[in-house]
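# An overview of the molecular structure
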Amino acid sequence: LARAADIYVNDAFGASHRAHASVSAIKEYLPAYAGLLLENEILNLNKALAPKKPLVAVMGGKKTSTKLFLLKKIIKSAGNILIGGGLANDFLAASGYEVGKSIVDAREVGLAKKIILGDKKNRKIILPLDVIVSAFGKISVKKSGEVNKNDLILDIGPATMKLYAGFIKKAKTIIWNGPLGVFENEHFRHGTLVIARVIASRSMGEA
């Protein structure tokens, strides 16, 4: 890899934590620099250290354990934390909801339960009101409390999209980490796209 270049420029902020040959090891063989996009990501993230209030965080993706450090940091300064994606499965299960065949892990659910208990007084963590589920080849919208044992949760539902959009529209600082559904499948990317558009319009409104 190093023989193909004279210098190495990393412009992939989202991959910078990975110990891959093309991200980490190559720096041992070539002069290495941060790219302009990576620099811009860091400059914008630094703004979140002293955010304009209210700060709203949108947390998706998988596994509570991979988000634990960020959740603990952000819960102190956030007005609200909007939960989606695989992360929502852990938090819904930790809150006593049925999550059916959705991917959860006992350890992840345990971590989510600790976070919820710690947030019991402030109630900053907001969970989905409804979800998009798949069961026996059929896709449907269900309230979070109506999911059954055969359902697989794959996206946030329309009521949740509306609820989350309301929080985002009032935010002065927004931090977003991870998709809110199985984004790779066109049937379950709607929640992520809706929230992305609301965040984009909010950002343009502040420009």
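Residues numbered from 1 in each chain as written. Predicted model: local features only at pLDDT ≥ 70, side-chain atom pairs only at ≥ 80, totals over all residues. Heavy atoms only, no water.

### Side note on a nonpolar patch on the surface
A surface patch of nonpolar side chains, about 300 Å² in accessible area, is lined by I7, V9 and Y33. Inspection of the secondary structure assignment puts I7 in the segment before strand 1 (8-10). (Patch = residues over 30% accessible without salt bridge, like charges linked within 9 Å, V, L, I, M, F, W, Y side chains within 5 Å. Areas by Shrake-Rupley, 256 points an atom, 1.4 Å probe, with all protein chains shown as cover. Salt bridge = Lys/Arg side-chain N within 4 Å of Asp/Glu carboxyl O. Helix = DSSP H or I, 4+ residues; strand = E, 2+ residues; numbered from the N terminus.)

### Comments concerning the pattern of salt bridges
Taken as a whole and judged by the stated rule, the model has three salt bridges. Between E108 and R107 there is a salt bridge, with its nearest N and O atoms 4.0 Å apart. Overall, R107 belongs to the exposed group, its relative accessible area being 54%. A salt bridge links K142 to D151; its shortest N-O distance comes to 2.8 Å. For the pair K142 and D151, a shared accessibility class is recorded, and that class is buried. (Buried < 20%, exposed > 50% of the residue type's maximum accessible area, 1.4 Å probe, protein only.)

### Section: the sheet that holds strand 3 (residues 55-59)
Paired through backbone hydrogen bonds, the strands of a sheet run either parallel or antiparallel to each other. One open sheet accounts for four strands, arranged 5-4-3-9; its pairing is parallel. Looking at which strands have only one partner, the edges of the open sheet turn out to be strand 5 (125-126) and strand 9 (173-177). Two strands pair when backbone bridges link them, and strand 3 and strand 9 are joined in this way by five bridges, in the parallel orientation. The residue bridging A57 from the neighbouring strand is I175, located in strand 9. Docked against the sheet, helix 5 (residues 158-170) engages strand 3, strand 4 (80-83), strand 5 and strand 9, running at close to 150 degrees with respect to strand 4. (Pairing = 2+ DSSP bridges. Contact = heavy atoms within 4.5 Å. Axes fitted to C-alpha atoms, helices over the stretch in contact; angles between N-to-C directions.)

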